[in-house]
Each structure stands twice: as structure tokens, then as C-alpha cells.
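Residue-level structure breakdown
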Amino acid sequence: MTTTDKREAFLAGERLEDVALFLADSYVSDDRLEQFGERIDDGVLIVVGGERGRNAFKAATGTGAMEFAGSAMGTEGLVDGDLTGGTCPEAAGSEAEDEDHHTQFVFAFAEEQNEEVGGLYADGDVIHAYAQCECGTAYSDRWTLEE
């Protein structure tokens, strides 16, 4: 399966055991990453098994994936549906919106539909996405795969 196929399968809810990790070139410059993921215009997107993905995230960012997710959950932002960027909540109304608010990395995982929990989880599989902005703001977003 190609890396593009892995991303499409992940975003379709077919790889619930995997995680996705986007690393911007401006954050990590390592050509070896391309052998593990898909080259995107300004970075690399990797879709890999959960534990390997969390280990790769820690190796690339120096932070545990779930620790990062926990810190980002308190701030809502918008993560792109293709997981390769986002809109920092601090960018709204900022004069330096374009130059100071580039996404450095995104960590995402999917959670299976759970009608017992209700809310968003009753509507379908849910993508949880967490992003780090160049300005230092960590933020989160989540959506159902049906959106």
C-alpha cells in the first residue's frame, strides 16, 4: 500500500489503529522521513501503526504524543481535513497572520463510532487532530468522518 493510499484509508476510517503525523519542512528537515511517508508541498505526512507513530512523534518533536494532545485539547483551532496544516486560533486578526502562524506539526488519530457515548461519537468515526503553530500555540480539532 502506498503512503497516499494509507492516508486515504486513514481519512476514510479504515485504519483506526494507526496515527497520522505531519511534519513541516520548516520544523524538521530530514530527507529520510520521505521513505516513511508522503511528500507534501511543505512537509511529510506519515501514517503508521499507533505505537510506532507515537514513538516517531516523540523522536521528531521531543514530546510524548498523548502529552502533546493533552496540552492542545484546551485550545480549539482548525486542522485541515487532509492533516497537513491548520489555522491557529491566535492568527485571527493578527497583522502577521501569514508569517508567524505556520503549522509545524500535526498529530492525529481516529476513534471508532460509539453511540453509547453520544454526541459527536454517535454520528460516526471521529478524527482527533492536534497541531503546533510556529507561534507556540498548540490547538486541537475533531470531526466525524462523515463531515
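This text follows the structure it describes.
Rules behind the numbers
Residues numbered from 1 in each chain as written. Predicted model: local features only at pLDDT ≥ 70, side-chain atom pairs only at ≥ 80, totals over all residues. Heavy atoms only, no water. Helix = DSSP H or I, 4+ residues; strand = E, 2+ residues; numbered from the N terminus. Rg over C-alpha atoms; globule rule 2.2 N^0.38 Å. Buried < 20%, exposed > 50% of the residue type's maximum accessible area, 1.4 Å probe, protein only. Contact = heavy atoms within 4.5 Å. Pairing = 2+ DSSP bridges.

So, about the overall build of the chain. For the chain, the count of helices and strands is 4 helices and 8 strands. Secondary structure elements of the chain occur, N-terminal to C-terminal, as α-β-β-β-α-α-β-β-α-β-β-β. Radius of gyration (C-alpha) of the chain: 15 Å, near the 15 Å computed for a compact globule of 147 residues. Counting over 147 residues, the chain shows a buried share of 47%. Expressed as a percentage of contacts within the chain between residues at least 6 apart in sequence, the contacts between residues at least 24 apart total 57%.

Among the 9 residues that make up strand β6 (residues 103-111), 8 are buried, leaving the element largely enclosed by the rest of the structure. As defined by bridge partners, strand β1 (residues 18-24) adjoins β6 across 5 bridges and the pair is classed as antiparallel. Paired with Phe 22 across the strands is Val 106, a residue of β6. In this structure, β6 lies alongside strand β7 (residues 126-133), joined through 8 bridges in antiparallel fashion. Residue pairing in the sheet places Phe 105 in a bridge with Gln 132 of β7.

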